[in-house]
Amino acid sequence: MSGNPIKELRELTGSGFIDCKKALDATNGNIQEAIKWLQENGIAKAVKKSGRIAAEGLVSTLVNDKCGVIYEINSETDFVAKNDKFISLVEEVGEILISNHFSNNEEAIKLKNKSGKTIEELTTLATSTIGEKISFRRALKFHKTDGVSIGSYTHSDGQKASLFIAKGSKDSDLKGVAMHITAMNPEYLNESSVPAEKVQKLKEEFLDSPSLKGKPDAIKENILKGMLRKALSEDTLTEQEYVVESGKTIAKFLLEKQATEISMVRFEVGEGIVKEVVDFAVEVKAQMSK
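Because the structure is predicted, anything quoted here is derived from the model rather than measured.

## Section: the overall build of the chain
Moving on, step 1. Counting secondary structure elements, the chain contains 12 helices and 6 strands.
Moving on, step 2. For the chain, the residues scored as buried account for 39% of the 290 residues in total.
Moving on, step 3. Pairs at least 24 apart in sequence give 59% of the contacts found in the chain among residues at least 6 apart.
Moving on, step 4. Accessible surface, the chain as shown: approximately 16800 Å² in total, 51% of it carbon and sulfur.

Take a look at the structure:
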(Lines give C-alpha, C1' and ligand atoms only; values in the text may rest on other atoms or scores of the structure.)
Protein backbone atom coordinates (compact mmCIF):
# COMPACT_ATOMS: atom_id res chain seq x y z
CA MET A 1 0.00 0.00 0.00
CA SER A 2 1.16 3.49 -0.77
CA GLY A 3 1.81 5.90 2.08
CA ASN A 4 0.01 8.56 0.06
CA PRO A 5 -3.77 7.88 0.10
CA ILE A 6 -4.45 10.26 -2.80
CA LYS A 7 -1.87 8.50 -4.95
CA GLU A 8 -3.26 5.09 -3.93
CA LEU A 9 -6.82 6.14 -4.77
CA ARG A 10 -5.74 7.50 -8.15
CA GLU A 11 -3.98 4.23 -8.97
CA LEU A 12 -7.07 2.22 -7.98
CA THR A 13 -9.65 4.32 -9.78
CA GLY A 14 -7.89 6.35 -12.48
CA SER A 15 -9.61 9.48 -11.17
CA GLY A 16 -8.02 12.93 -11.08
CA PHE A 17 -6.11 14.40 -8.13
CA ILE A 18 -8.84 16.87 -7.11
CA ASP A 19 -11.63 14.27 -7.28
CA CYS A 20 -9.58 11.84 -5.17
CA LYS A 21 -8.90 14.52 -2.57
CA LYS A 22 -12.60 15.40 -2.42
CA ALA A 23 -13.50 11.74 -2.04
CA LEU A 24 -11.06 11.20 0.81
CA ASP A 25 -12.18 14.37 2.56
CA ALA A 26 -15.81 13.27 2.29
CA THR A 27 -15.09 9.79 3.69
CA ASN A 28 -12.58 10.65 6.42
CA GLY A 29 -9.73 9.04 4.49
CA ASN A 30 -11.38 5.61 4.08
CA ILE A 31 -10.10 4.25 0.77
CA GLN A 32 -12.97 1.80 0.15
CA GLU A 33 -15.61 4.39 0.99
CA ALA A 34 -13.77 6.90 -1.20
CA ILE A 35 -13.94 4.47 -4.13
CA LYS A 36 -17.74 4.20 -3.64
CA TRP A 37 -17.96 8.00 -3.38
CA LEU A 38 -16.10 8.40 -6.68
CA GLN A 39 -18.28 5.81 -8.40
CA GLU A 40 -21.51 7.46 -7.22
CA ASN A 41 -20.34 10.95 -8.14
CA GLY A 42 -18.87 9.73 -11.42
CA ILE A 43 -22.23 8.29 -12.44
CA ALA A 44 -23.92 11.55 -11.45
CA LYS A 45 -21.47 13.50 -13.62
CA ALA A 46 -21.99 11.10 -16.51
CA VAL A 47 -25.77 11.49 -16.29
CA LYS A 48 -25.37 15.28 -16.56
CA LYS A 49 -23.31 14.78 -19.73
CA SER A 50 -25.64 12.16 -21.26
CA GLY A 51 -27.56 14.73 -23.30
CA ARG A 52 -24.48 16.03 -25.07
CA ILE A 53 -23.67 15.10 -28.66
CA ALA A 54 -20.71 12.75 -29.07
CA ALA A 55 -19.84 12.59 -32.78
CA GLU A 56 -16.06 12.17 -32.65
CA GLY A 57 -14.15 9.10 -31.49
CA LEU A 58 -12.73 5.96 -33.07
CA VAL A 59 -13.82 2.97 -35.13
CA SER A 60 -11.92 -0.30 -35.10
CA THR A 61 -11.93 -3.92 -36.26
CA LEU A 62 -10.77 -7.20 -34.75
CA VAL A 63 -10.58 -10.65 -36.34
CA ASN A 64 -9.63 -14.00 -34.82
CA ASP A 65 -9.96 -17.62 -35.95
CA LYS A 66 -13.69 -17.70 -35.18
CA CYS A 67 -15.14 -14.29 -36.04
CA GLY A 68 -14.63 -10.62 -36.85
CA VAL A 69 -16.08 -7.45 -35.33
CA ILE A 70 -16.31 -3.81 -36.32
CA TYR A 71 -17.38 -1.17 -33.81
CA GLU A 72 -17.51 2.54 -32.93
CA ILE A 73 -16.93 4.39 -29.65
CA ASN A 74 -17.73 8.10 -29.58
CA SER A 75 -16.38 11.11 -27.72
CA GLU A 76 -17.35 14.77 -27.88
CA THR A 77 -14.03 15.99 -29.30
CA ASP A 78 -11.31 14.57 -31.54
CA PHE A 79 -8.79 15.70 -28.89
CA VAL A 80 -10.19 13.18 -26.40
CA ALA A 81 -10.22 10.51 -29.12
CA LYS A 82 -6.41 10.70 -29.01
CA ASN A 83 -6.35 10.37 -25.20
CA ASP A 84 -4.55 7.22 -23.95
CA LYS A 85 -7.44 6.39 -21.60
CA PHE A 86 -9.92 6.60 -24.47
CA ILE A 87 -7.73 4.46 -26.74
CA SER A 88 -7.39 1.86 -23.95
CA LEU A 89 -11.18 1.84 -23.57
CA VAL A 90 -11.63 1.23 -27.31
CA GLU A 91 -9.18 -1.67 -27.17
CA GLU A 92 -10.90 -3.18 -24.12
CA VAL A 93 -14.33 -2.91 -25.74
CA GLY A 94 -12.98 -4.68 -28.83
CA GLU A 95 -11.74 -7.61 -26.73
CA ILE A 96 -15.13 -7.86 -24.99
CA LEU A 97 -17.02 -7.83 -28.28
CA ILE A 98 -14.90 -10.45 -30.00
CA SER A 99 -14.92 -12.75 -26.96
CA ASN A 100 -18.69 -12.77 -26.39
CA HIS A 101 -21.86 -13.43 -28.35
CA PHE A 102 -24.19 -10.58 -29.30
CA SER A 103 -26.79 -10.02 -31.99
CA ASN A 104 -27.43 -6.29 -31.71
CA ASN A 105 -26.22 -3.11 -30.02
CA GLU A 106 -28.57 -3.56 -27.06
CA GLU A 107 -26.99 -6.94 -26.29
CA ALA A 108 -23.47 -5.69 -26.98
CA ILE A 109 -23.59 -2.84 -24.46
CA LYS A 110 -24.51 -5.31 -21.68
CA LEU A 111 -21.49 -7.56 -22.30
CA LYS A 112 -19.01 -7.73 -19.41
CA ASN A 113 -15.24 -7.66 -19.06
CA LYS A 114 -13.34 -10.09 -16.82
CA SER A 115 -13.98 -7.83 -13.81
CA GLY A 116 -17.74 -7.94 -14.35
CA LYS A 117 -18.17 -4.39 -15.69
CA THR A 118 -20.44 -3.99 -18.72
CA ILE A 119 -19.48 -1.92 -21.75
CA GLU A 120 -22.15 0.56 -20.65
CA GLU A 121 -20.55 0.85 -17.21
CA LEU A 122 -17.08 1.24 -18.72
CA THR A 123 -18.22 4.14 -20.91
CA THR A 124 -19.99 5.76 -17.94
CA LEU A 125 -16.80 5.47 -15.89
CA ALA A 126 -14.78 6.90 -18.79
CA THR A 127 -17.20 9.83 -19.01
CA SER A 128 -16.61 10.66 -15.36
CA THR A 129 -12.82 10.31 -15.48
CA ILE A 130 -12.12 11.82 -18.90
CA GLY A 131 -14.54 14.71 -18.47
CA GLU A 132 -16.73 14.55 -21.54
CA LYS A 133 -19.44 12.24 -22.86
CA ILE A 134 -18.10 8.85 -23.99
CA SER A 135 -20.55 6.44 -25.60
CA PHE A 136 -20.72 3.06 -27.29
CA ARG A 137 -22.49 3.61 -30.60
CA ARG A 138 -22.61 0.38 -32.62
CA ALA A 139 -21.01 -2.95 -33.42
CA LEU A 140 -21.44 -5.82 -35.89
CA LYS A 141 -20.09 -9.35 -35.64
CA PHE A 142 -19.53 -11.92 -38.39
CA HIS A 143 -18.78 -15.60 -37.77
CA LYS A 144 -16.41 -17.82 -39.72
CA THR A 145 -18.43 -20.89 -40.67
CA ASP A 146 -18.36 -23.11 -43.76
CA GLY A 147 -15.07 -21.81 -45.13
CA VAL A 148 -15.76 -18.11 -44.56
CA SER A 149 -12.81 -15.70 -44.38
CA ILE A 150 -12.81 -12.10 -43.15
CA GLY A 151 -10.57 -9.31 -44.35
CA SER A 152 -10.29 -6.35 -41.99
CA TYR A 153 -8.77 -2.89 -42.20
CA THR A 154 -8.73 0.06 -39.81
CA HIS A 155 -7.23 3.27 -41.18
CA SER A 156 -4.32 4.68 -39.20
CA ASP A 157 -6.33 7.67 -37.96
CA GLY A 158 -9.07 5.42 -36.56
CA GLN A 159 -11.75 7.36 -38.44
CA LYS A 160 -12.67 4.70 -41.01
CA ALA A 161 -12.69 0.90 -40.96
CA SER A 162 -14.11 -2.01 -42.97
CA LEU A 163 -14.72 -5.74 -42.95
CA PHE A 164 -15.03 -7.85 -46.10
CA ILE A 165 -16.59 -11.29 -45.75
CA ALA A 166 -16.13 -13.96 -48.43
CA LYS A 167 -16.43 -17.71 -48.95
CA GLY A 168 -13.02 -19.23 -49.62
CA SER A 169 -9.49 -17.78 -49.68
CA LYS A 170 -7.95 -16.59 -46.39
CA ASP A 171 -8.06 -13.51 -44.16
CA SER A 172 -4.71 -12.13 -45.28
CA ASP A 173 -5.75 -12.23 -48.96
CA LEU A 174 -8.91 -10.25 -48.21
CA LYS A 175 -7.31 -7.47 -46.15
CA GLY A 176 -6.62 -5.49 -49.33
CA VAL A 177 -10.29 -5.67 -50.32
CA ALA A 178 -11.24 -4.29 -46.89
CA MET A 179 -8.72 -1.51 -47.48
CA HIS A 180 -10.32 -0.84 -50.88
CA ILE A 181 -13.78 -0.62 -49.27
CA THR A 182 -12.45 1.84 -46.70
CA ALA A 183 -10.91 4.02 -49.39
CA MET A 184 -13.58 3.85 -52.12
CA ASN A 185 -16.77 3.44 -50.05
CA PRO A 186 -18.78 1.40 -52.63
CA GLU A 187 -22.54 1.51 -52.17
CA TYR A 188 -23.26 -2.02 -53.42
CA LEU A 189 -21.49 -5.36 -53.02
CA ASN A 190 -22.12 -6.68 -56.55
CA GLU A 191 -24.46 -6.19 -59.51
CA SER A 192 -27.15 -8.47 -58.04
CA SER A 193 -27.35 -6.28 -54.95
CA VAL A 194 -28.14 -3.14 -56.96
CA PRO A 195 -31.88 -2.33 -56.61
CA ALA A 196 -33.89 -3.21 -59.74
CA GLU A 197 -35.44 0.26 -59.83
CA LYS A 198 -32.00 1.85 -60.07
CA VAL A 199 -31.01 -0.45 -62.96
CA GLN A 200 -34.29 0.32 -64.75
CA LYS A 201 -33.81 4.06 -64.29
CA LEU A 202 -30.30 3.87 -65.77
CA LYS A 203 -31.58 1.84 -68.73
CA GLU A 204 -34.23 4.45 -69.46
CA GLU A 205 -31.62 7.21 -69.35
CA PHE A 206 -29.22 5.34 -71.66
CA LEU A 207 -31.91 4.47 -74.22
CA ASP A 208 -31.88 8.13 -75.26
CA SER A 209 -28.12 8.07 -75.82
CA PRO A 210 -26.95 9.11 -79.33
CA SER A 211 -24.62 6.08 -79.41
CA LEU A 212 -27.67 3.78 -79.63
CA LYS A 213 -29.43 5.62 -82.47
CA GLY A 214 -29.74 3.63 -85.68
CA LYS A 215 -27.98 0.54 -84.27
CA PRO A 216 -29.41 -3.00 -84.75
CA ASP A 217 -31.17 -4.39 -81.66
CA ALA A 218 -28.44 -6.95 -80.90
CA ILE A 219 -25.71 -4.29 -80.98
CA LYS A 220 -27.89 -1.90 -79.00
CA GLU A 221 -28.23 -4.55 -76.28
CA ASN A 222 -24.45 -5.02 -76.05
CA ILE A 223 -23.81 -1.28 -75.96
CA LEU A 224 -26.48 -0.86 -73.28
CA LYS A 225 -24.92 -3.62 -71.16
CA GLY A 226 -21.54 -1.92 -71.43
CA MET A 227 -22.98 1.44 -70.43
CA LEU A 228 -24.76 -0.11 -67.46
CA ARG A 229 -21.63 -1.95 -66.34
CA LYS A 230 -19.60 1.25 -66.49
CA ALA A 231 -22.22 3.22 -64.56
CA LEU A 232 -22.58 0.54 -61.89
CA SER A 233 -18.81 0.15 -61.52
CA GLU A 234 -18.69 3.55 -59.84
CA ASP A 235 -20.78 2.30 -56.89
CA THR A 236 -20.38 -1.49 -57.01
CA LEU A 237 -17.48 -3.19 -55.23
CA THR A 238 -16.90 -6.14 -57.54
CA GLU A 239 -16.90 -3.93 -60.65
CA GLN A 240 -14.50 -1.33 -59.26
CA GLU A 241 -10.81 -1.27 -60.17
CA TYR A 242 -8.87 -2.73 -57.26
CA VAL A 243 -6.85 0.05 -55.60
CA VAL A 244 -4.19 -2.43 -54.52
CA GLU A 245 -3.66 -3.89 -58.03
CA SER A 246 -4.42 -1.40 -60.81
CA GLY A 247 -5.86 -2.73 -64.03
CA LYS A 248 -7.76 -5.48 -62.21
CA THR A 249 -11.32 -5.43 -60.91
CA ILE A 250 -12.25 -6.75 -57.47
CA ALA A 251 -14.26 -9.47 -59.25
CA LYS A 252 -11.16 -10.65 -61.12
CA PHE A 253 -9.06 -10.59 -57.94
CA LEU A 254 -11.64 -12.72 -56.10
CA LEU A 255 -11.77 -15.17 -59.02
CA GLU A 256 -7.99 -15.58 -58.83
CA LYS A 257 -8.24 -16.24 -55.08
CA GLN A 258 -11.18 -18.63 -55.56
CA ALA A 259 -13.30 -16.49 -53.27
CA THR A 260 -16.94 -15.42 -53.50
CA GLU A 261 -18.14 -12.19 -51.93
CA ILE A 262 -20.74 -12.51 -49.15
CA SER A 263 -20.92 -9.15 -47.43
CA MET A 264 -19.10 -5.92 -46.63
CA VAL A 265 -19.44 -3.26 -43.96
CA ARG A 266 -17.78 0.12 -43.57
CA PHE A 267 -17.89 2.39 -40.51
CA GLU A 268 -16.85 6.03 -40.43
CA VAL A 269 -16.74 7.97 -37.18
CA GLY A 270 -19.81 10.11 -36.61
CA GLU A 271 -21.55 9.31 -39.90
CA GLY A 272 -25.23 10.12 -39.62
CA ILE A 273 -24.88 12.06 -36.38
CA VAL A 274 -26.03 15.67 -36.53
CA LYS A 275 -23.22 17.64 -34.91
CA GLU A 276 -23.93 20.57 -32.64
CA VAL A 277 -22.54 23.88 -33.87
CA VAL A 278 -21.34 25.90 -30.89
CA ASP A 279 -20.58 29.60 -30.90
CA PHE A 280 -17.22 29.76 -29.10
CA ALA A 281 -17.83 33.25 -27.70
CA VAL A 282 -21.22 32.21 -26.31
CA GLU A 283 -19.71 29.05 -24.81
CA VAL A 284 -16.93 31.02 -23.03
CA LYS A 285 -19.47 33.55 -21.72
CA ALA A 286 -21.63 30.73 -20.37
CA GLN A 287 -18.66 29.14 -18.63
CA MET A 288 -17.64 32.42 -17.00
CA SER A 289 -21.15 33.03 -15.71
CA LYS A 290 -21.17 29.77 -13.73
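So, next bit.
## Regarding the sheet that holds strand β3 (residues 135-143)
Moving on, step 1. Spatially, the 3 strands line up as an open sheet ordered β1-β2-β3, and their pairing is antiparallel. Only two strands of the sheet have a single partner each, and these edge strands are β1 (56-63) and β3. Across the sheet, the axes of successive neighbouring strands diverge by a mean angle of 10 degrees, strand direction being ignored.
Moving on, step 2. Along the sheet, helix α5 (residues 84-99) contacts β1, β2 (67-75) and β3; its crossing angle with β2, the most-contacted strand, is approximately 145 degrees.

## Some thoughts on the side chain of N190
Moving on, step 1. Structurally, the position occupied by N190 is in the loop between α8 (171-184) and α9 (196-206).
Moving on, step 2. A polar side-chain atom of N190 sits 2.8 Å from a polar atom in the side chain of S192.
Moving on, step 3. Residues contacting N190, with those up to four places away along its chain left out, are T236, T238 and E261.

## What about the sheet that holds strand β6 (residues 260-268)?
Moving on, step 1. Read across the open sheet, the 3 strands follow the order β4-β5-β6; overall the sheet is antiparallel. One side of each edge strand has no neighbouring strand; the edge strands of this open sheet are β4 (148-154) and β6. Taken over all neighbouring pairs, the strand axes of this sheet differ in orientation by 10 degrees on average, direction set aside.
Moving on, step 2. Where strand β5 (residues 160-167) and β6 come together, 8 bridges link them in antiparallel fashion.

## Quick look at the pairing of β4
Moving on, step 1. Of all 7 residues in β4, 5 are buried, a share of seventy percent or more.
Moving on, step 2. Hairpin connection between β4 and β5: a loop of 5 residues separates the two successive antiparallel strands, and G158 in this loop has a positive phi of roughly 70 degrees.

## Things to note about the packing of α9 against helix α10 (residues 217-233)
Moving on, step 1. At their nearest, the axes of α9 and α10 sit 10 Å apart, and the two run at 125 degrees to each other. In terms of orientation, α9 lies oblique with respect to α10. By crossing handedness, the relation of α9 to α10 is classed as right-handed. Here V199, L202, K203 and F206 of α9 come into contact with α10, specifically with L224, M227, L228, A231 and L232.
Moving on, step 2. Counted by class, the contact of α9 with α10 contains 8 nonpolar, no polar and 1 charged residues.

## Things to note about α5
Moving on, step 1. For α5, spanning 16 residues, the distance from its first C-alpha to its last is 23 Å, which sits close to the expected 22 Å at 1.5 Å a residue.
Moving on, step 2. Those residues of α5 that sit buried are F86, L89, V90, V93, G94, I96, L97 and I98.
Moving on, step 3. On its buried face, α5 sits against β1, β2, α4 (78-81), α6 (105-108), α7 (119-130) and β3.
Moving on, step 4. Two or three places before K85, at the start of α5, stands the capping residue N83, its side-chain oxygen 2.6 Å from that residue's backbone nitrogen.

Thresholds applied
- Residues numbered from 1 in each chain as written.
- Predicted model: local features only at pLDDT ≥ 70, side-chain atom pairs only at ≥ 80, totals over all residues.
- Heavy atoms only, no water.
- Helix = DSSP H or I, 4+ residues; strand = E, 2+ residues; numbered from the N terminus.
- Buried < 20%, exposed > 50% of the residue type's maximum accessible area, 1.4 Å probe, protein only.
- Contact = heavy atoms within 4.5 Å.
- Areas by Shrake-Rupley, 256 points an atom, 1.4 Å probe, with all protein chains shown as cover.
- Pairing = 2+ DSSP bridges.
- Axes fitted to C-alpha atoms, helices over the stretch in contact; angles between N-to-C directions.
- Polar contact = N/O pair within 3.5 Å; in protein donor to acceptor, adjacent residues only side chain to side chain.
- Parallel < 35°, antiparallel > 145°, perpendicular 65-115°, else oblique.
- Left-handed = near helix turned anticlockwise from the far one by under 90°.
- Nonpolar A, V, L, I, M, F, W, Y, C, P; charged D, E, K, R; others polar.
- Expected span 1.5 Å × (residues − 1).

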